[in-house]
Amino acid sequence: MTPNDTKYGLYLQILKEELIPAMGCTEPIAMAYAAAKARSVLGALPDKIDIVISGNIIKNVKSVVVPNTGGLKGIAAAVAVGVAVGNADKVLEVVADVKEEEIHLVSEFMEKCEMTVMKSRSPKLLDIDLTLYKGSESVRLRITDFHTNIVYIEKNGEVLLNKAEGGDDVCETDRSVLNVKEIVEFAECVDLSLVSELLEKQIEYNYAISEEGMKGDYGASIGKTLLATRGEDIRVKARAQAAAGSDARMSGCELPVVIVSGSGNQGITASLPVIVYAREMGASHEKLLRALVVSNLITIHQKTPIGRLSAFCGAVSAGCGAAAGVAWLVDGTCEAVSATIVNTLGMISGTVCDGAKPSCATKIASAVEAGLLGFDLYQNGHGLKGGDGIIKNDVEKTIQSVGQLAREGMRQTDSEILDIMLDD
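Residues numbered from 1 in each chain as written. Predicted model: local features only at pLDDT ≥ 70, side-chain atom pairs only at ≥ 80, totals over all residues. Heavy atoms only, no water.

What follows covers the overall build of the protein chain. Looking only at helices and strands, one finds 16 helices and 8 strands in the protein chain. Whereas a compact globule of 424 residues would reach a radius of gyration of roughly 22 Å, the protein chain reaches 21 Å, a difference of no more than 12%. In terms of principal-axis extent, the alpha carbons of the protein chain reach across some 70 × 50 × 45 Å. Counting only residues that meet the buried cut, the protein chain has 56% of its 424 residues in that class. In the protein chain, the share of contacts with a sequence separation of at least 24, taken over all contacts with a separation of at least 6, comes to 76%. Accessible area for the protein chain stands at about 16400 Å²; split by element, carbon and sulfur atoms hold 48% of it. Averaged over its 41 positive side-chain charges, the protein chain has a centre that lies 2 Å from the centre of its 56 negative ones. (Helix = DSSP H or I, 4+ residues; strand = E, 2+ residues; numbered from the N terminus. Rg over C-alpha atoms; globule rule 2.2 N^0.38 Å. Buried < 20%, exposed > 50% of the residue type's maximum accessible area, 1.4 Å probe, protein only. Contact = heavy atoms within 4.5 Å. Areas by Shrake-Rupley, 256 points an atom, 1.4 Å probe, with all protein chains shown as cover. Lys, Arg positive; Asp, Glu negative; His and termini not counted. Charge placed at Lys NZ, Arg CZ, Asp CG, Glu CD.)

Encoded structure:
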């Protein structure tokens, strides 16, 4: 691949679209963003809100602490913080500028505003549809497909924006252009000045929240527990740093992360093991940045046939992506990257997503370990073969097989998971 190739520009654009900062779990923050934007259109604090959201949004909002709410969890808190104190101009950092003296406004708003939550009948897995009322005034705003994609705004019956006519307009670069061979080629040749700002922020933000997870008492403290019980081998450190970032993030830590595939947990998982390995190896900073290009794009590539939200745990894709980045860092070949992907997906493709919550850190630790074992197999001349279950003889066909499993085969699983979660 060369800078003159069409795909070179597309790969750059995909990284720019994917590697963006967000504070807090992405689904509640997307709801806060929608609420803040709707409130700005309404021009007043509403006294009633109708909340219509897809099952996967319910699943990923129900159990996580929303930053800058005083420790509140759930759907109402996510909407309330956006309406009461959010800044829609900051998009997925919508609650980043909330002052300590403003936090009480969130719970006060929740006491005063009537909020009704309904599950959407839309087939879309990511669907947030809010209607805010103030007296005779009203605003309806809808986000679909990805977390910042506002497709509809209506005020007092007048349509201000409608990207949904004839089908929702998803303004993202086509991710189907990605493939493993060209991802590695791109990582090896890309002008780093074009991506360094994105990657430096990913290193800074994601390592900072991981260190906070190590210091603080967040969730089940998976990261700290790994170091305390497994020692400080590089493999343990790689798992622990990724898990610690999730420990903090799922429990309301008010530090931003750089997300991947619409997920902070996946952004943390795809980056931190690579950072740990590069530092332990004494690799050059340039090599670290190129390894992060591999890990991020492999994660995105795997998620493309699955979709942003599903019953398939995204930590699997990101842990596999991280291991692919480590494989390139250590071995430097596409063969190592491809074998690591196939081996990893053959081990843990059955891991389900039962919503965002503190225990996501355990799945992250397991996914990173499986990914590193996948690379170990390759280094020792072993590996999983085509015909072993859903594994194929080709890495691209294997990725497609897992995508089919997650997208088609696990639809009913997704519904059952939500039913179980809501059966209190």
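Summarising the element assignment, Ser210 is placed in helix H7 (residues 196-215). Beyond its immediate sequence surroundings of up to four residues, Ser210 is in contact with Gln241, Ala244, Gly245 and Leu272.

Let us now look at the packing of aromatic side chains. Given two aromatic rings, their pairing is described by the distance between the two centres and the angle made by the two planes. Tallying each qualifying case throughout the model produces 2 aromatic pairs. When the centroid spacing of 5.4 Å and the interplanar angle of 70° are considered together, the rings of Tyr8 and Phe186 count as edge-to-face. One end of the pair, Tyr8, is in helix H1 (residues 6-18); the other, Phe186, is in helix H6 (residues 180-189), and 178 residues separate them in sequence. In terms of burial, Tyr8 and Phe186 fall into one category: buried. Ring geometry for Tyr11 and Phe186: centres 5.4 Å apart, planes at 70°, overall edge-to-face. Separated by 175 residues along the polypeptide, Tyr11 in helix H1 and Phe186 in helix H6 bring together distant segments of the chain. Phe186 matches Tyr11 in its accessibility class, with the two residues each being buried. Linked through ring pairs, Tyr8, Tyr11 and Phe186 together constitute an aromatic cluster. (Phe/Tyr/Trp six-rings, centres within 6.5 Å; stacked < 30°, edge-to-face > 60°.)

A cluster of nonpolar side chains, contributed by Met347, Leu373 and Leu384, occupies part of the molecular surface with about 210 Å² of accessible area. Of note, Leu384 is situated in the loop between helix H14 (360-379) and helix H15 (395-409). By relative accessible area, Leu384 is classed as partly exposed at 31%. (Patch = residues over 30% accessible without salt bridge, like charges linked within 9 Å, V, L, I, M, F, W, Y side chains within 5 Å. Salt bridge = Lys/Arg side-chain N within 4 Å of Asp/Glu carboxyl O.)

Here we take up the packing of helix H2 (residues 26-42) against helix H4 (residues 75-85). One can describe the packing of H2 onto H4 by two numbers: an axis separation of 7 Å at closest approach and a directional angle of 40°. Relative to H4, the element H2 is oriented oblique. For the element pair H2 and H4, the recorded crossing hand is right-handed. Where H2 approaches H4, its residues Pro28, Met31, Ala32, Ala35, Ala36 and Arg39 are matched on the opposing element by Ile75, Ala78, Val79, Val81, Gly82, Val83 and Ala84. Here the contact of H2 with H4 is built from residues that sort into 11 nonpolar, 1 polar and 1 charged. (Axes fitted to C-alpha atoms, helices over the stretch in contact; angles between N-to-C directions. Parallel < 35°, antiparallel > 145°, perpendicular 65-115°, else oblique. Left-handed = near helix turned anticlockwise from the far one by under 90°. Nonpolar A, V, L, I, M, F, W, Y, C, P; charged D, E, K, R; others polar.)

Position of Gln202 among the secondary structure elements: in helix H7. Separated by 3.0 Å, the side chains of Gln202 and Asn296 make a polar contact. If we ignore the near neighbours within four places in the chain, the residues touching Gln202 are Leu19, Tyr207, Val258, Val260, Gly267, Ser271, Leu292 and Asn296. (Polar contact = N/O pair within 3.5 Å; in protein donor to acceptor, adjacent residues only side chain to side chain.)

Moving on: H4. Here H4 lies mainly inside the structure; 10 of its 11 residues are buried. Here H4 has its buried residues at Ile75, Ala77, Ala78, Val79, Ala80, Val81, Gly82, Val83, Ala84 and Val85. Where H4 is buried, its residues touch H2, strand S2 (48-53), helix H3 (55-61), helix H5 (104-112), strand S3 (114-119) and strand S4 (127-134).

Attention shifts here to helix H8 (residues 222-230). Because each turn of an α-helix spans 3.6 residues, side chains separated by three or four positions end up pointing in the same direction. Taken together, the buried positions of H8 are occupied by Ile222, Gly223 and Leu226. Looking straight down H8, one finds that the buried residues subtend no more than 105° of arc, so they occupy a single side. In this structure, the buried residues of H8 make contact with H7, helix H9 (234-250) and H14. Trailing H8 by a residue or two, Gly231 shows a phi angle of about 85°, which is positive. (Arc of directions from axis to C-beta.)

Time to look at the sheet that holds strand S7 (residues 158-162). In any sheet, the strands associate via hydrogen bonds between backbone groups, in a parallel or an antiparallel arrangement. Spatial ordering of the open sheet is given by S3-S2-S4-S5-S6-S7, a layout of 6 strands whose pairing is mixed. If you trace the sheet from one side to the other, it starts and ends with S3 and S7, each paired once. Across the sheet, the axes of successive neighbouring strands diverge by a mean angle of 10°, strand direction being ignored. Summarising the sheet, S2 and S4 pair through 6 bridges and their orientation is antiparallel. Paired with Val52 across the two strands is Asp129, which belongs to S4. Against the sheet, H2 contacts S2, S4, strand S5 (137-144), strand S6 (150-155) and S7, and its axis sits at roughly 35° relative to S4. (Pairing = 2+ DSSP bridges.)

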